[in-house]
Amino acid sequence: MSEHAIEVTINGRPVSGRVEARKTLGDFLRVDAGFTGTHLGCEHGVCGACTVIVDGLAVRSCLMLAVQADGAEVTTIEGLAAEDGTFHPVQQAMRDNHALQCGFCTPGVVCTMAALTADDAKPSEDQLIAAMSGHLCRCTGYQGIRRAIRQLTGQPTGVAADHGEHA
Amino acid sequence: MKPAPFDYVAPGTVAEALDVLAEAGGGATLLAGGQTLMPLLALRMSQPFILVDVNRIEGFRGISHTAESTRVAAGTRQAVALADAEMKGAQPVFNLALSHVGHYQTRNRGTIGGSVSLGEPAAEMPATAVALGAEIEIHSRDRGTRRVKADEFYLGPYMTVLEPDELVTAIHYPRWGADAVTVFREVAQRPGDFALVGLVGRVAIEGGKIARAGLAWFGMGPTPIKARQAEQALIGTALSDIDPRGIAELAIADTDPFTDHHATAHYRRTVGRRIFARTLGEALNIQQAAA
Ligand SMILES: Cc1cc2nc3c(=O)[nH]c(=O)nc-3n(C[C@@H](O)[C@H](O)[C@H](O)COP(=O)(O)OP(=O)(O)OC[C@H]3O[C@@H](n4cnc5c(N)ncnc54)[C@H](O)[C@@H]3O)c2cc1C
Ligand code: FES
Ligand code: FES
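Since we're looking at a predicted model, the values are computed, not measured.

**Examining the overall build of chain A**
Then, number 1: What chain A contains, in helices and strands, is six helices and five strands.
Then, number 2: Based on the C-alpha atoms only, the size of chain A along its principal axes is roughly 55 × 30 × 30 Å.
Then, number 3: Of all 167 residues assigned to chain A, the portion counted as buried reaches 51%.
Then, number 4: Residue pairs at least 24 apart in sequence account for 54% of intrachain contacts in chain A once pairs closer than 6 positions are excluded.
Then, number 5: Here chain A displays about 7,600 Å² of accessible surface, and carbon together with sulfur accounts for 49% of that area.
Then, number 6: One finds the centroid of the 12 positive side-chain charges in chain A at a distance of 7 Å from the centroid of its 19 negative side-chain charges.

**Topic: the overall build of chain B**
Then, number 1: Assigned secondary structure in chain B consists of twelve helices and 14 strands.
Then, number 2: At 19 Å, chain B has a C-alpha radius of gyration in line with the 19 Å of a compact globule built from 291 residues.
Then, number 3: Projected onto the principal axes, the alpha-carbon positions of chain B cover approximately 60 × 45 × 30 Å.
Then, number 4: Relative to its full complement of 291 residues, chain B shows a buried share of 54%.

**Examining the domain arrangement of chain B**
Then, number 1: Splitting chain B by domain gives domain 1 (7–56), domain 2 (63–174) and domain 3 (181–290).
Then, number 2: Distance between the C-alpha centres of domain 1 of chain B and domain 3 of chain B: 36 Å.

**As for the site of ligand 1**
Then, number 1: Every one of the 33 residues lining ligand 1 counts as a neighbour, but Leu30, Gly34, Thr36, Leu37 and Thr111 of chain B are closest to it.
Then, number 2: Nearby residues around ligand 1 are contributed by chains A and B.
Then, number 3: Contact distances for ligand 1 include 2.6 Å between an oxygen atom and a backbone N or O atom of Leu30 of chain B.
Then, number 4: In isolation ligand 1 has 970 Å² of accessible area, and contact with the protein removes 91% of it.

**Notes on the packing of helix H2 (residues 89–96) of chain A against helix H3 (residues 106–117) of chain A**
Residue and element names in this part refer to chain A.
Then, number 1: As a packed pair, H2 and H3 sit with axes 9 Å apart at the nearest point and diverge in direction by 130 degrees. In this view, H2 runs oblique relative to H3, as classed from their interaxial angle. In this structure, the crossing between H2 and H3 has a hand that is right-handed. In this structure, H2 uses Val90, Gln91 and Met94 to contact H3, whose residues at the interface are Thr106, Val109, Val110, Met113, Ala114 and Thr117.
Then, number 2: Looking at the contact of H2 with H3, its residues break down into six nonpolar, three polar and no charged.

**Quick notes on the interface of chain A and chain B**
Then, number 1: Listed per partner, the contact involves 31 residues of chain A and 29 residues of chain B.
Then, number 2: Across the chain A to chain B interface the summed buried area is about 2,500 Å²; carbon plus sulfur atoms make up 60%.
Then, number 3: In terms of surface lost to chain B, no three residues of chain A exceed Arg22, Leu63 and Gln68 of chain A, which account for 28% of the buried area on that side.
Then, number 4: Where chain A meets chain B, there are zero salt bridges.

**Observations regarding helix H4 (residues 125–132) of chain A**
Note that an α-helix has 3.6 residues per turn; residues three or four places apart therefore point the same way.
Then, number 1: Looking only at H4 of chain A, the buried set comprises Glu125, Leu128, Ala131 and Met132 of chain A. The arc that holds every buried residue of H4 of chain A, seen down its axis, measures 130 degrees, which confines them to one face.
Then, number 2: Summarising the contacts, the buried residues of H4 of chain A are in contact with H3 and helix H5 (143–152) of chain A together with helix H6 (104–107) of chain B.

**A few points about the sheet that holds strand E4 (residues 63–65) of chain B**
Residues and elements named next belong to chain B.
Then, number 1: A sheet is described by the order of its strands in space; here five strands give the open sequence E4-E5-E10-E6-E7, paired in antiparallel fashion. Each edge of the open sheet carries a strand with a single partner, namely E4 and strand E7 (144–149). With strand direction ignored, the average angle separating the axes of adjacent strands in the sheet is 20 degrees.
Then, number 2: Judged from the three bridges that link them, E4 and strand E5 (residues 69–73) form a sheet pairing that is antiparallel.

**Remarks on the environment of Arg77 of chain B**
Residue and element names in this part refer to chain B.
Then, number 1: Among the secondary structure elements, Arg77 is positioned in the loop between E5 and helix H3 (78–83).
Then, number 2: Arg77 sits 34 residues away from Thr111 along the chain, and the two C-alpha atoms are 4.3 Å apart.
Then, number 3: With sequence-adjacent residues up to four places away left out, Arg77 is seen in contact with Gly33, Asn55, Arg61, Arg107, Asn108, Arg109, Gly110 and Thr111.

**As for the pattern of salt bridges**
Then, number 1: For the structure on display, the rule yields 18 salt bridges over all chains.
Then, number 2: When the shortest N-O distance is used, the salt bridge between Arg18 of chain A and Glu3 of chain A registers 3.2 Å. Here Glu3 of chain A lies in strand E1 (residues 3–10) and Arg18 of chain A lies in strand E2 (residues 13–20), a separation of 15 residues in the sequence.
Then, number 3: By relative accessible area, which is 55% here, Arg18 of chain A ends up exposed.
Then, number 4: The exposure class assigned to Glu3 of chain A is partly exposed, which follows from its relative accessible area of 45%.
Then, number 5: The salt bridge involving Arg273 of chain B is made with Glu249 of chain B; its shortest N-O contact spans 2.8 Å. Taken together, the residues Arg273 of chain B in helix H12 (residues 265–284) and Glu249 of chain B in helix H11 (residues 244–253) connect sequence positions 24 residues apart.
Then, number 6: Its relative accessible area of 39% is what places Glu249 of chain B among the partly exposed residues.
Then, number 7: In the salt-bridge network here, residues are joined through shared partners; they are Asp19, Glu23, Arg141 and Asp142 of chain B.

**Brief notes about the packing of H2 of chain A against H5 of chain A**
Residue and element names in this part refer to chain A.
Then, number 1: Relative orientation of the contacting elements H2 and H5 amounts to 130 degrees, with a least axis distance of 8 Å. One finds that H2 runs oblique with respect to H5. Along this stretch, H2 crosses H5, giving a crossing that reads as right-handed. Where H2 approaches H5, its residues Pro89, Val90, Gln92, Ala93, Met94 and Asp96 are matched on the opposing element by Ile145, Ala148, Gln151 and Leu152.
Then, number 2: Its residues assigned to classes, the contact of H2 with H5 comprises seven nonpolar, two polar and one charged.

Rules behind the numbers
Here the residue index of a chain counts from 1 through its sequence in written order. Chain labels run from A onward and ligand labels from 1 onward, assigned in the order the entries are written. In keeping with the predicted nature of the model, local features appear solely for residues at pLDDT of at least 70, side-chain atom pairs appear and are counted solely at 80 or more, and the whole-chain, interface and lining totals rest on all residues. Working from all heavy atoms in the structure, the side-chain values ignore hydrogens and water. Strands here mean DSSP runs of E at least two residues long; helices mean DSSP runs of H or I at least four residues long; both are numbered from the N terminus. The classification of residues rests on relative accessible area computed with a 1.4 Å probe and restricted to protein chains. Under 20% of the type maximum is buried, over 50% is exposed, and intermediate values are partly exposed. Throughout, a contact is declared for two residues whenever any of their heavy atoms are within 4.5 Å. Exposure was quantified through the Shrake-Rupley algorithm and a 1.4 Å probe, taking into account, for residues, occlusion by the shown protein chains and nothing else. All tallies of charge rest on Lys and Arg as positive and Asp and Glu as negative; His and the ends of each chain are not included. A charge is said to be at NZ when it belongs to Lys, at CZ for Arg, at CG for Asp and at CD for Glu. Our radius of gyration looks at C-alpha atoms and nothing else; its globule reference is 2.2 Å times the residue count to the power 0.38. As used throughout, domain bounds are those supplied by an automatic or database domain assignment. A molecule or strand has a residue near it when one of that residue's heavy atoms lies within 4 Å. Residues adjacent in sequence count toward polar contacts only when both atoms are side-chain atoms; beyond that, a polar contact is any pair of N or O atoms within 3.5 Å, and within protein one must be able to donate a hydrogen and the other to accept it. Comment: axis = line fitted to C-alpha atoms, over the contacting stretch for helices; angle = value between 0 and 180 degrees taken between N-to-C directions. Oblique is the label for any angle not covered by the other classes, which are roughly parallel (under 35 degrees), roughly antiparallel (over 145) and roughly perpendicular (65 to 115). Throughout, a crossing is termed right-handed when the near helix is turned clockwise from the far one, and left-handed when it is turned anticlockwise from it by less than a right angle. Only Asp, Glu, Lys and Arg are considered charged in this grouping, and only Ala, Val, Leu, Ile, Met, Phe, Trp, Tyr, Cys and Pro are considered nonpolar; every other residue, Gly among them, is considered polar. Reported buried area values correspond to the accessible surface (1.4 Å probe) lost by two parts on association, with both partners' losses combined. We define a salt bridge as a side-chain nitrogen of Lys or Arg found within 4 Å of a carboxyl oxygen belonging to Asp or Glu. Throughout, the arc means that of the directions going from the helix axis to the C-beta atoms. Any two strands between which DSSP finds at least two bridges are classified as paired.

Structure representation (C-alpha cells):
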C-alpha cells in the first residue's frame, strides 16, 4: 500500500498532503483539505454531487485518486464566489430561480455550469441541459435548474428578477 | 476510503508501464480514465495489488489521420475526441456514437482506449470499432506489438483477448470515404445511460449498389455483435432491391440478447428489429410502407 506526497492548488492556494494511494480526490478535498462543500453521494460515479473543476474541466472527484491530482488546479464550490462574497453568475442564477432545495446536489451542478461558462464561453441551452444529465437532483424536479440555465444563456425565465431577494 | 489498499505507480513511458505489467504477473491493473475502474474499486469488485496509472505516459494521447485510416491513441480523452472537428469529418459515426458515452463530466476523464479495452457489451465504442473494421494495437514487453481486428478482440462480457501483461496503445479506424452513409441508433432509458439496444455502422454506395457494409449491435449479446448476415445480404445489392425489414430479420438472427432488470431479451429483439429497419431505411433513403 503506497503513500504519496502531493501538492494540489485548491481554489488558488497550494495545499500539500500525504495520501494513501486509494484515497479519492473527493475524500482528500473534504477530509484532508477541509473543503466540505464538495458533497459525496454515491461514491461510484452515478450522482454527480462530487463534481469539481480540475484544470478547467468538471469531473467527478469520487472517480479520481488524490494522487492523480498532484500538480493540478482544483476549484471547488468554495472557490467560485468573489472574495467579498459576491456570487458567481451561476450561483446567482441558481438563487434567482429557486434551483435548489436541500442543496446536496448543488455544488456539483454549479461546478459543471461554472466550468462550461468559464472564460466567457457561451454554451447553448441544449449543451447545459445535456450536461445536467450527469447530475441527479432528488428535490427540485429540475425545473428551477432549467430556469437557471435559461438565465445563464440570456433567455427569459418567467421569474421576476427580484423574486429571490424578497422570498 | 472505499477501495481496498493497493500500490500505485504512474509510469512516464509505455516501456515502463509494460515493465510493471510484466513483473506483476497478473497482479497489476491499468487505470486510464477511471470512469469504470474507480467504481469497481469502490465496490471492491476489483482489488489489484498494483494500479498502473497510464495518465502520465507521454505520447499516449492524440489523433492522427492518413488517407486510409485514423489512429486514436488509447489515452485520448473522450471529450477531446468528441470536440475534434477533423475527427468528426473523417469518422462521423465514431463522433455520433461517442456523444452517447456517459456524460460531459465522465467524458472529461474517460478515454477511448479504456472504453474499447473494457469490453462492456452495451457500450458504444467497442461496437463502433467492430462495425468500422478497426484494429486494436497492443503492446507487451516480452512479445512486442500485435494488432487484433476488433471483431476478434471481444470474447465475452468484459472479456477480451488481452493478456495481463498487455497494454492497448491505439485503435486504428479505416476511413470509409465521405460518401458512405452513417447508421446509428440507440435506445436507452436516459441520456448517458448504457444502451438497452443499439446499432452502429456505415454503408458505402457505388453506382446505385451497396459496395461495403459494416454494422454492429451493442446491448444485444455478450459482446458487440457484427451483423454479418445483414452485411452480406446488403453487399452488391441495388438500392432499389433492398428491403430493410428483411435485412433486419437477418441482423436479428445474429444477436443473442439477454434479460436483465432493465429489459427482457424479447424486448431487445423487438426494438432491435424496428430500429434496424427504420435506421437502415433512413440512412439509405428508402421509402417504406408504414409498419
Ligand atoms: C455515470 C456513468 C455513465 C456511463 N455511461 C456510459 C455509457 O453510456 N456508455 C459507455 O460506453 N460507457 C459509459 N460509462 C463508462 C465510461 O465512462 C468509461 O470511460 C469507460 O467505460 C472506460 O474508460 P476509462 O478510460 O474510464 O477506463 P478505466 O475505467 O480506467 O478502465 C477500464 C478498464 O479498461 C482497462 N484499460 C484501460 N485502459 C487500457 C489500455 N490502454 N489497455 C488495456 N487495458 C486498459 C482497465 O484496466 C480497466 O479494466 C459510464 C460511466 C459512468 C461513471
Ligand atoms: S459521489 Fe461522485 S458521482 Fe456520486
Ligand atoms: S436540491 Fe436536493 S438533491 Fe438537488
